[in-house]
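# Understanding the architecture of this molecule
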Amino acid sequence: MTRLPRLPEPGRRAALRPSDGDREQVAEVLREAAAEGRIDFAELDERLGAAYAARSYAALDMLTRDLPARPSAAAPTGRPTRLLACFFGGFTRRGVWTVPGALTAVCLWGRGVVDLRQARFSAGETRVRAVAMWGAVKILVPEDAEVYVNGVGLFGWFRRGATGPGTPGAPRVTVRGFAVWGAVSTKRAPVKDRAGAPRSVVE
């Protein structure tokens with residue numbers, strides 16, 4: 001006879017250890033809160049660090065108790081990330097993930113990487129607003145994508161070398177923004193699966 005797993009005792013959830021998926025759900029809520037102006041970038045960076053280091057559900061709940069949206073492991077948000085930000089730190093978003101039609105990447109005294117090569121595009125055109133102030137934002141796009149880059153560098157660099165047409169059916173990516181004493185670079189790169197073979201990003 002197969003034994004069923006024991007369920008947590010009532011009231012013990014706060015002491016249980018969360019999964020990586022639980023931590024990521026909280027991170028999504030925090031990014032949404034920053035995009036809506038509920039918390040600033042410094043507080044976002046602090047709370048994100050605490051979320052990824054959390055060892056209990058109680059620690060995660062503390063990070064979102066003053067926000068309207070509360071994450072739940074049983075009911076994920078399902079909303080794509082709209083804001084990636086770092087303040088005296090860094091971020092990396094790569095692999096298979098859902099990118100929205102409009103995405104903002106901000107780095108203040110830090111470095112961020114937005115890798116779109118294996119992303120699932122939710123819109124016909126993806127608009128990326130990149131801001132680097134005393135920092136750097138690097139955007140990797142599929143080499144077959146249609147790419148338009150138009151930004152301003154003030155005592156910094158906003159590289160437009162990736163601008164150009166793509167193949168039929170490939171995603172379209174538009175990058176705009178500015179760099180102040182920093183750099184925003186957009187680079188085409190091949191899309192590869194886990195075995196190293198090129199794969200299509202349009203499903």
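Remember, predicted model here, so these are calculated numbers, not experimental data.

This part takes up the nonpolar core. Val114, Leu116, Val137 and Ile139 are the most contacted members of the largest nonpolar core, which totals 27 residues. Broken down by secondary-structure element, the contributors of at least two residues to this core are β1 (83–87), β4 (102–108), β7 (125–133), β8 (136–142), β9 (146–154) and β11 (172–180). Setting aside anything within four residues of it in sequence, one finds Leu116 in contact with Trp97, Val99, Phe121, Ile139, Leu140, Val141, Pro142 and Val173. Leu30, Leu44, Leu60 and Leu83 belong to the second largest nonpolar core, which has 19 residues in total.

Looking at where Ala189 falls in the secondary structure, it is placed in strand β12 (residues 183–189). The class of Ala189 is buried, set by a relative accessible area of 8%. Placed 46 residues apart in sequence, Ala189 and Glu143 show a C-alpha to C-alpha distance of 5.0 Å. Apart from residues no more than four positions distant in its own chain, Ala189 is found in contact with Arg117, Val141, Pro142 and Glu143.

With that settled, the discussion passes to the sheet that holds strand β2 (residues 90–93). Hydrogen bonding along the main chain pairs the strands of a sheet, whether they run parallel or antiparallel. The strand order across the open sheet built from five strands is β2-β5-β8-β12-β10, with neighbouring strands paired in parallel fashion. This sheet does not close on itself; its edge strands, each paired only once, are β2 and β10 (157–158). Here β8 runs beside β12; their pairing, made up of seven bridges, is parallel. Bridged to Leu140 within β12 is Lys187.

This brings us to the packing of helix α1 (residues 20–35) against helix α2 (residues 41–53). The axes of two packed helices give the description: the angle between them and the distance between them. Viewed as axis vectors pointing N to C, α1 and α2 meet at an angle of 170°, and their least axial separation amounts to 9 Å. In terms of orientation, α1 and α2 fall into the roughly antiparallel class. Side by side, α1 and α2 meet where Arg23, Glu24, Val26, Ala27, Leu30, Arg31 and Ala34 of the first sit next to Leu44, Arg47, Leu48, Ala51 and Tyr52 of the second. For the contact of α1 with α2, the class distribution of residues is eight nonpolar, no polar and four charged.

Attention now goes to the environment of Phe87. In this structure, Phe87 sits in strand β1. With 48 residues separating them along the chain, Phe87 and Gly135 place their C-alpha atoms 9.2 Å apart. The contact partners of Phe87, leaving out residues within four places of it in the chain, are Phe41, Ala42, Asp45 and Leu108.

So, about a nonpolar patch on the surface. A contiguous nonpolar patch, built from Phe88, Trp109, Trp134, Leu154, Phe155 and Trp181 and spanning about 750 Å² of accessible area, is present on the exposed surface. Looking at Leu154, the relative accessible area reads 48%, which means it is partly exposed.

It is worth spelling out the packing of α1 against helix α3 (residues 57–64) at this point. At a minimum axis separation of 10 Å, α1 and α3 run at an interaxial angle of 10°. As summarised for this structure, α1 and α3 are arranged roughly parallel, according to the angle between their axes. Mapping the contact onto sequence places Asp22, Arg23, Val26, Val29 and Leu30 in α1 and Tyr57, Leu60, Leu63 and Thr64 in α3. Classifying every residue of the contact of α1 with α3 by side-chain character gives six nonpolar, one polar and two charged.

A word on the sheet that holds β9. Ordered by their spatial adjacency, five strands build an open sheet running β1-β4-β7-β11-β9, and the pairing between neighbours is parallel. The open sheet is flanked by β1 and β9, the only strands paired with a single partner. The average undirected angle you get between the axes of adjacent strands in this sheet is 10°. The sheet contact formed by β9 and β11 spans nine bridges and is parallel. Bridged to Val147 within β11 is Val173. Against the sheet, α2 contacts β1 and β4, and its axis sits at roughly 90° relative to β1.

All right, on to the side chain of Asp115 then. Secondary-structure assignment places Asp115 in strand β5 (residues 111–115). Classification of Asp115 by relative accessible area gives buried; the value is 3%. A polar atom in the side chain of Asp115 sits 2.7 Å from the side chain of Arg117. Residue contacts for Asp115: discarding those within four places in its chain leaves Arg93, Arg94, Trp97 and Leu140.

The rules we used
Residues numbered from 1 in each chain as written. Predicted model: local features only at pLDDT ≥ 70, side-chain atom pairs only at ≥ 80, totals over all residues. Heavy atoms only, no water. Core = buried A, V, L, I, M, F, W, Y, C linked by side-chain atoms within 4.5 Å. Buried < 20%, exposed > 50% of the residue type's maximum accessible area, 1.4 Å probe, protein only. Helix = DSSP H or I, 4+ residues; strand = E, 2+ residues; numbered from the N terminus. Contact = heavy atoms within 4.5 Å. Pairing = 2+ DSSP bridges. Axes fitted to C-alpha atoms, helices over the stretch in contact; angles between N-to-C directions. Parallel < 35°, antiparallel > 145°, perpendicular 65-115°, else oblique. Nonpolar A, V, L, I, M, F, W, Y, C, P; charged D, E, K, R; others polar. Patch = residues over 30% accessible without salt bridge, like charges linked within 9 Å, V, L, I, M, F, W, Y side chains within 5 Å. Areas by Shrake-Rupley, 256 points an atom, 1.4 Å probe, with all protein chains shown as cover. Salt bridge = Lys/Arg side-chain N within 4 Å of Asp/Glu carboxyl O. Polar contact = N/O pair within 3.5 Å; in protein donor to acceptor, adjacent residues only side chain to side chain.

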